[in-house]
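# What the coordinates show
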Amino acid sequence: MTFSPEDTYYLGFDLSTQQLKCLAINQDLKIVHSETVEFDKDLSHFGTRKGVYIKGDRIESPVAMWLEALDLVLTKYQHAKFPLNQVVAMSGSCQQHGCVFWSKEGAASLEQGVANGLATSLVEQLSPEAFARSTAPNWQDHSTGMQCDQMEDTVNGPVGMSNITGSRAHFRFSGPQILKIAQEEPEAYENTDTISLVSNFLSSVLCGKLIALEEADACGMNLYDIKKRKLHTGLLQLIDDTTKNNKSRCVKEKLAGEPIKCEENPVNLGYIGKYFVNKFGFQTKCSIFPFTGDNLATICSLPLQNNDILVSLGTSTTVLLVTDQYHPSPNYHLFIHPTIPNAYMGMICYCNGSLAREKVRDEINKDGSTNWDKFNDAVLDEQLDTSNEVGIYFPLGEIVPSVPAVTKRVLFNKETGEIDHEVEAFVDSSHDAKNIVESQALSCRVRISPLLAADANKATNSNVTSTVSFDHDKDVSLSTYLNKRPKRAFFVGGASKNDAIVKKFAQVLGATDGNYRLDTPNSCALGGCYKALWSDMYDKNKTSSGFDTFLQEVFPWNELERFYDSDTKYWETYNKKIIPLSRLESTL
């Protein structure tokens, strides 16, 4: 491919568990080049399996591998004759929750070798002297059960933790990981001068100086008070009490103080280190803007605005949404939005997605076929009456609601919504096909309702007196779930290619301004590209628009398929299934 000498380029990195991808776009938001380093294949000498080392519940990644990957991915750009000297800005995403423990020599090593351009390779300059630990905990790690309990006990349990930090304590979150290392590896912890998340680790390497945490990604630590927008004193103190008998710096100092705030004005972290200028030919004025977490970058890859949702229909189901409502729950996650002021990203994860639907599909086919025709016909069959049926299909233990594996089917009174009785099976498996997609979509709908703006839509019935309970929202007026609709819905993931499943989700969710479908293999890196482009333009006074407004105006809408416009009639039909779903979940 030829590259125009007139173009300006922006890089977006995606440092995930199994690979490092680097994507390049031009000033017109067109993807012009991409390179990937696959850790197990391209850096096999590290001996990782799917990018990690697994020792029982402990799952970690070698930090040196990430350094070597950065050198290698940029070398691939050189070999492709990509004009790195025309890159003016970069940002990106990194796997969330991992943390890197820099030694006292770390800052000096960055300054000498990267900032001043004296190193011959990143690994030679930084590893192992720059790190107190050679590995970083990975999000798949399950070794911090005791620390999660200790942290939640400090703040009145899971509800208290989620109210403060946006999530209950999770194995993978950085706070429990740091507490565990302080308790179990006191020497390594004492030798730690600075702790980075993977996001500000990568931006630190590129800048040649230690960069503070980025606020949105810091919400994935169980240490950040989201409402007060500062690190939580009590949770930090729990870690400090572990090390009070040694000479270790307090954990707030190790985290380099308060995170960089996500404001309307993007923060320019500085220019790329001379090492990258000398070795790869970057211009000296190439700006680095804060990196963020992978899910947070995903919502920056689309023009998502307040009350918009992104539904990923994969093996599991994940819903991301942009909201100005801070309504935390132990059953999902809230993060500060990385680019929109006074906004949050909600994240709801389900274990049961495609696998549960495939199980029902196989029961319909009865011949071992993986064809979806019979399943899809049932899902959209208007003559197939399931109006008094609700089912729960969890072949795997579920996260939302938090229950073990279970399948239940009930019939309910259509006038009151109350359950009549449980049944072993519906009339035939075609009813299961329709009910499983409806119940999955309805579960998403009721979980996002408290997170949507209060004026998202007018109530369909102002005289509703019934109450329902979902998760930790107990005895809430049913009207709360009858007057909230998302603005737009974007569908991604493998099952988004299935017309019947997406159409049914769209009918149940009822987005008022359209449903869109797209293929997003580069979403995390692309979000980094868009963030870099907007940040650079804002920094140079070439735009005064906020990120969401800017992206709304310049986004290549022709690349999206506007799949279906929700019908209010269909949306209101599912109002009658909210009470029975609530009652059914209460029996699990």
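Keep in mind that this is a model prediction, so the values were computed, not measured.

We now examine the sheet that holds strand S4 (residues 53-55). Pairing is antiparallel in the open sheet, where 3 strands are placed in the order S4-S5-S8. Looking at the sheet topology across the chains shown, the edges are occupied by S4 and strand S8 (135-137). Adjacent strand axes in the sheet meet at a mean angle of 35 degrees when their direction is disregarded. Relative to strand S5 (residues 58-62), S4 runs antiparallel, the two being bridged by 3 bridges. Paired with Ile54 across the bridge in S5 is Ile59. Strand contacts of helix H2 (residues 63-79): S5 and S8, with the helix running at about 35 degrees to S5, the strand carrying the most contacts.

It is worth spelling out the pattern of salt bridges at this point. A side chain with one charge may pair with a side chain of the opposite charge, provided their charged atoms come close. If you walk through the whole model with that rule in mind, you get 24 salt bridges. One salt bridge in this structure joins Lys76 and Asp42, with 3.5 Å as the shortest N-O distance. Of this pair, Lys76 sits in helix H2 while Asp42 sits in helix H1 (residues 39-42); the two residues are 34 residues apart in sequence, bridging distant segments of the chain. You can call Lys76 partly exposed: its relative accessible area is 23%. Glu438 is the salt-bridge partner of Lys577, the closest N and O atoms lying 2.8 Å from each other. With Lys577 in the loop between helix H21 (568-573) and helix H22 (578-585) and Glu438 in helix H17 (residues 429-448), this residue pair connects regions lying 139 residues apart in the sequence. According to the relative accessible area criterion, Glu438 is buried, its value standing at 4%. Salt bridges sharing partners connect three or more residues here, namely Glu60, Arg133 and Glu185.

With respect to the helices, strands and loops of the structure, Glu152 is situated in helix H5 (residues 145-154). Spatially, the C-alpha atom of Glu152 lies 9.2 Å from that of Ser162, the residues being 10 residues apart in sequence. Residue contacts for Glu152: discarding those within four places in its chain leaves Gly157, Pro158, Met161, Arg168 and Ala169.

Backbone hydrogen bonds hold the strands of a sheet together, and the pairing may be parallel or antiparallel. As summarised here, the arrangement of the 7 strands in space is S17-S18-S16-S15-S24-S25-S26, forming an open sheet in which the pairing is mixed. On the outer flanks of this sheet lie strand S17 (333-336) and strand S26 (561-564), each paired with one strand and no other. Averaged over all adjacent pairs, the angle separating strand axes in this sheet is 25 degrees, with direction ignored. Sheet analysis places S17 next to strand S18 (residues 344-350), joined by 4 bridges and oriented antiparallel. Bridging from a neighbouring strand, His333 pairs with Met347 of S18.

So, about the packing of H17 against helix H18 (residues 499-509). Working note: a packed helix pair is described by the angle between its axes plus the distance between those axes. Contact pair H17 / H18: the axes reach a minimum separation of 9 Å and the direction vectors enclose 40 degrees. In terms of orientation, H17 lies oblique with respect to H18. With respect to the hand of their crossing, H17 and H18 are arranged in right-handed fashion. Contact residues: Lys434, Val437, Glu438, Gln440, Ala441, Leu442, Cys444, Arg445 and Ile448 in H17; Ile501, Lys504, Phe505, Val508 and Leu509 in H18. In terms of residue class, the contact of H17 with H18 is made up of 9 nonpolar, 1 polar and 4 charged.

Interaxial distance between H2 and helix H9 (residues 198-207) falls to 12 Å at its minimum, and their mutual angle equals 50 degrees. It follows from the interaxial angle that H2 and H9 lie oblique. With respect to the hand of their crossing, H2 and H9 are arranged in right-handed fashion. The segment H2 lies against H9, with Val63, Trp66, Leu67 and Leu70 engaging Val198, Phe201, Leu202, Val205 and Leu206.

So, about the packing of aromatic side chains. Tallying each qualifying case throughout the model produces 21 aromatic pairs. Both rings, one in Phe276 and one in Phe280, keep their centres 6.3 Å apart while their planes meet at 25 degrees; by these two values the pair is stacked. Of the two residues, Phe276 and Phe280 are both situated in helix H13 (residues 274-280); the distance of 4 residues between them amounts to about one turn of the helix. Phe280 sits in the buried class, given a relative accessible area of 5%. One aromatic cluster in this structure is built from Phe490, Tyr516, Tyr530, Phe555 and Trp557. The ring of Phe101 carries the charged tip of Arg133 above its face, separated from the ring centre by 5.7 Å.

What counts and how
Residues numbered from 1 in each chain as written. Predicted model: local features only at pLDDT ≥ 70, side-chain atom pairs only at ≥ 80, totals over all residues. Heavy atoms only, no water. Pairing = 2+ DSSP bridges. Helix = DSSP H or I, 4+ residues; strand = E, 2+ residues; numbered from the N terminus. Axes fitted to C-alpha atoms, helices over the stretch in contact; angles between N-to-C directions. Contact = heavy atoms within 4.5 Å. Salt bridge = Lys/Arg side-chain N within 4 Å of Asp/Glu carboxyl O. Buried < 20%, exposed > 50% of the residue type's maximum accessible area, 1.4 Å probe, protein only. Parallel < 35°, antiparallel > 145°, perpendicular 65-115°, else oblique. Left-handed = near helix turned anticlockwise from the far one by under 90°. Nonpolar A, V, L, I, M, F, W, Y, C, P; charged D, E, K, R; others polar. Phe/Tyr/Trp six-rings, centres within 6.5 Å; stacked < 30°, edge-to-face > 60°. Lys NZ or Arg CZ within 6 Å of the ring centre and 35° of its normal.

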